[in-house]
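Each chain, written out:
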Amino acid sequence: MNESVEIALMEYEENLNKQFNHLVDELMLIRVGRANPKMIENLKVDYYGTRTPINQTSNIMVQDARMLIVSPWDNSTLKNIRSAIESANLGVSVSDDGKIIRVNFPMLTEERRREYSKDAKKLLEEAKIAMRNSRRDCLDVFKEMKKNSEISEDDYASLEKDVQKQIDNFSLKADNACDKKIAEIMEV
């Protein structure tokens, strides 16, 4: 196998990995009725004139299954942090006592669980589309190589099978991650 084929295959696998990891990250942000620091840690807050993620301004702790405690390092930023959480429309209730912020995650209704499940499926479909686009791009490189006689017809057929096998594996992993998230969402 020549070097350009190996590079194309490595880039393809790297793209599939990125798309899968992005899906997993996005699925983690979907609410399941339990407190999860990942839901608020990257919300941006005005911190001394700079838009900064909350996890770089405060400690975020899980108090119990449905409550997060946010302890700002500087109490003067408490109001900004609170308003950032409230304006994110996460369906949580936010309160503070002047020193810490409590983020309460109410129980999800059946209707909300179904909506979040649809959101998870939509994210899965977007990831699969991105994976298919990566497959197309990789196969285009190989078609060009075949056209330029850099690889034979047999090599192209073999590479096409390898590329398909990789996308099948990543699609299965993505399906499993989504199914696991939906089961978590629907769990009462």
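K.L.:
With reference to specific residues and values, describe the overall build of the protein.
P.N.:
Looking only at helices and strands, the protein has four helices and six strands in total. In the protein, the order of α-helices and β-strands from amino to carboxyl end is α-β-β-β-β-α-β-β-α-α. Since a compact globule built from 188 residues should have a radius of gyration of about 16 Å, the 22 Å found for the protein marks it as more spread out than a globular shape. Dimensions along the principal axes, computed over C-alpha positions, put the protein at roughly 70 × 40 × 20 Å. For the protein, with 188 residues in total, the buried portion stands at 38%. By element, 48% of the accessible surface of the protein is carried by carbon and sulfur atoms, the whole surface being about 11100 Å². Here the protein contributes 29 positively and 34 negatively charged side chains, and the mean placements of these two sets differ by 7 Å.

K.L.:
Give me the lowdown on the pattern of salt bridges, citing residues and values where you can.
P.N.:
Applying the stated rule across the entire model yields 12 salt bridges. Across the salt bridge formed by aspartate 97 and arginine 102, the nearest N and O atoms sit 3.7 Å from each other. Relative accessible area serves as the criterion here: at 47%, aspartate 97 is assigned to the partly exposed category. Under the relative-accessibility criterion, arginine 102 is labelled partly exposed at 30%.

K.L.:
Which residues make up unusual backbone geometry, and what are the values?
P.N.:
The backbone of tyrosine 48 shows a phi angle near 55°, a positive value even though the residue is not glycine. Here tyrosine 48 lies in the loop between strand S1 (44–47) and strand S2 (50–53). A positive phi angle, close to 60°, is found at serine 149, a residue other than glycine. Within the secondary structure layout, serine 149 lies in the loop between helix H3 (110–147) and helix H4 (153–186). Of the residues examined, serine 149 reaches a relative accessible area of 64% and is grouped as exposed.

The rules behind each value
- Residues numbered from 1 in each chain as written.
- Predicted model: local features only at pLDDT ≥ 70, side-chain atom pairs only at ≥ 80, totals over all residues.
- Heavy atoms only, no water.
- Helix = DSSP H or I, 4+ residues; strand = E, 2+ residues; numbered from the N terminus.
- Rg over C-alpha atoms; globule rule 2.2 N^0.38 Å.
- Buried < 20%, exposed > 50% of the residue type's maximum accessible area, 1.4 Å probe, protein only.
- Areas by Shrake-Rupley, 256 points an atom, 1.4 Å probe, with all protein chains shown as cover.
- Lys, Arg positive; Asp, Glu negative; His and termini not counted.
- Charge placed at Lys NZ, Arg CZ, Asp CG, Glu CD.
- Salt bridge = Lys/Arg side-chain N within 4 Å of Asp/Glu carboxyl O.

These results come straight from atomic positions and should not be treated as a statement about function.
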